[in-house]
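What the coordinates show
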Number of protein chains: 4
Amino acid sequence: MSELFRFPARALRDAATDSRAFRVSRQVRFHDIDAAGIAYFARVLDYVHDTYCSYLESTGHGLPQVLSDGEWAAPIGHVEVDYFAPLAFGDALEVVIALAHLDGSRLTLGHQIVRQGKVACVVQTTHVFVSRRDFRPTSIPAGLLQHLERLPKA
Amino acid sequence: MSELFRFPARALRDAATDSRAFRVSRQVRFHDIDAAGIAYFARVLDYVHDTYCSYLESTGHGLPQVLSDGEWAAPIGHVEVDYFAPLAFGDALEVVIALAHLDGSRLTLGHQIVRQGKVACVVQTTHVFVSRRDFRPTSIPAGLLQHLERLPKA
Amino acid sequence: MSELFRFPARALRDAATDSRAFRVSRQVRFHDIDAAGIAYFARVLDYVHDTYCSYLESTGHGLPQVLSDGEWAAPIGHVEVDYFAPLAFGDALEVVIALAHLDGSRLTLGHQIVRQGKVACVVQTTHVFVSRRDFRPTSIPAGLLQHLERLPKA
Amino acid sequence: MSELFRFPARALRDAATDSRAFRVSRQVRFHDIDAAGIAYFARVLDYVHDTYCSYLESTGHGLPQVLSDGEWAAPIGHVEVDYFAPLAFGDALEVVIALAHLDGSRLTLGHQIVRQGKVACVVQTTHVFVSRRDFRPTSIPAGLLQHLERLPKA
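Definitions and limits used
Residues numbered from 1 in each chain as written. Chains lettered and ligands numbered in written order. Predicted model: local features only at pLDDT ≥ 70, side-chain atom pairs only at ≥ 80, totals over all residues. Heavy atoms only, no water. Contact = heavy atoms within 4.5 Å. Buried area = accessible area lost by both parts, 1.4 Å probe. Salt bridge = Lys/Arg side-chain N within 4 Å of Asp/Glu carboxyl O. Polar contact = N/O pair within 3.5 Å; in protein donor to acceptor, adjacent residues only side chain to side chain. Helix = DSSP H or I, 4+ residues; strand = E, 2+ residues; numbered from the N terminus. Pairing = 2+ DSSP bridges. Core = buried A, V, L, I, M, F, W, Y, C linked by side-chain atoms within 4.5 Å. Buried < 20%, exposed > 50% of the residue type's maximum accessible area, 1.4 Å probe, protein only. Least-squares fit on C-alpha atoms with pLDDT ≥ 70 in both.

1. A few points about the interface of chain D and chain A
Taken residue by residue, the interface counts 21 residues in chain D and 21 residues in chain A. When chain D packs against chain A, close to 2000 Å² is buried across both sides, 61% of that on carbon and sulfur atoms. In this assembly, chain D and chain A are joined by two salt bridges. Here Glu80(A) and Arg6(D) are joined by a salt bridge, their closest N and O atoms 2.5 Å apart.

Here it is as structure tokens:
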């Protein structure tokens, strides 16, 4: 994990609306709430990972198929979240893949959780593409790479 | 699923403390709470399944080993829960496998969620033992059966 | 909990498609899967409860508003699930409120989890409407009752 | 969130065993596993938060009591995780609060998830102590601060 790439949280929060970003709408659910009455802090990772799955599907590389093909995987090596405002039950959210950074076998995605036009938190996830044969880093499959290169850059 | 066996909920609730019952202590966690401020109704199934895993381990048939051996599985065919009282964050619970009913390939377990000596809810789960070769019903492995027969009966 | 109402699981499984039923589409998610490689048995309760929340919203009695109004609540007193087939990652599901049974303060909903036109499991949930003042049973609010009466009956 | 404090992930991974660290043992559960067959990446946040709750309880400031007292809260403003090795169903873990950094109203905790003596992942969480009256930053309660100061420092 030498020289980890990170988007500056502020840059990620302020990333302008970009038509190339990938967006999914969802709501804060009843069982996302914790004993403090707001969305449990780890739930935003579900929001982001569900959106990542939808994104992969939109590129023709749906994760169910990828897993059954057994050629590559892209486990998460690093994740971080900055929370700017709490989320409440029923809040309508837009979960956005706002930025992508590509570096060899590594893909860092910058996500925004947007509520009423304001970014309530930002999440970044670093995936490392590995071969399922030996679990060593491998290049990102060309078909997927084409799609990833069309996501907004920092 | 013909002729499903059920413990009467009341009998299960009132099942006396029995030294042959299997017990695990735990607490209602921060992220078990829902937007109504009490433990989310489905969380008791986690409590019960975690206890079932601890029980299997105590018999020498831990589920991680069973899954990697690949000889049998015991998927749940039916589950039901009766809720008598809500659970709050931090509540100290005893999760009890209070009753067992054996019928060929089928095992029905009756569980109590006990708080301060009172049964707050009862759960019953019916497992069907199947061979991993063809997923058809199979007899309960003899070593495990011996243990199951020592659990309290209705 | 005297004289609990239950839909026969088979009747619920075989309930015909009815235009008055309430339906939500969703997929089995990455983190719904368990160590046995299929959807964790308790996840179907999330599917059903999320659909119940969408239903309430469609009637104009969204749960976030109901909770903040603080007049009534409808905690679940009983739930049961029959599993006919396992669900896999990525499966496209239709979650259906297929049947409703009304009895004073009690509402029993019969749900189907449908995959490729086949019912993979059925779930029933019994809610008890209570006043938030004293948590005693109360009548179902008239505006909501009107909607509930339009759901299919057994 | 100006000038966020972070433990270097490597320093946190290599932090020596310290008798002042706080430790809880647990196992990777059946329903922690995801469709890739390993513990879902967000589950380590549950492990860490459960341990944080146990720690607070050990200091006499259990979160259930703190929440009902309604004087302060300590929401998480930032969290990050570095994953060094995947976790499998049944793995015996030690979840360690290995390092603490105090800075006014801010507390950064460095956690290790240890399996068989090796650190499989490190997690850091930054809490901001706020008054429940106005949700503005406030000093860490003296009684709790005394305990926090006894945790290992970087």
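Resuming the write-up.
2. Considerations on the interface of chain B and chain C
Frequently, the measure chosen for interface size is the accessible area removed from exposure when the parts meet. Opposite the 22 residues of chain B that make contact, chain C presents 22 residues. Between chain B and chain C the total buried area reaches about 2000 Å² when both faces are included, carbon and sulfur atoms providing 61% of it. Counting every contact that joins chain B to chain C gives 12 residue pairs in polar contact (both at pLDDT 80 or more). Elements with a minimum of two residues in the side of chain B that touches chain C: α2 (43-58) and β3 (76-83) of chain B. Direction of pairing for β3(B) relative to strand β3 (residues 76-83) of chain C: antiparallel, over a ladder of five bridges. Along β3(C), the bridge assignment pairs Val81(B) with Val79(C).

3. Some words on the nonpolar core
Ranked by internal contacts, the top residues of the largest apolar core, which has 168 residues, are Leu87(A), Leu87(B), Leu87(C) and Leu87(D). Among all residues touching Leu87(A), those that are not within four sequence positions of it are Val28(A), Ile33(A), Ile38(A), Ala39(A), Val44(A), Tyr47(A), Leu93(A), Ile113(A), Arg115(A) and Ala120(A).

4. Observations regarding the relation of the copies chain D and chain A
Here chain D sits on chain A after a turn of 180° about the axis and a move of 0.0 Å along it, with an RMSD of 0.0 Å. Overall, the copies show the geometry of a two-fold rotation axis. Proximity to the rotation axis, assessed at the C-alpha, singles out Glu80(D) in chain D; its C-alpha lies 2.0 Å from the axis. Comparing interface residues between copies, 100% of those in chain D also sit at the interface in chain A, which points to an isologous, same-surface contact.

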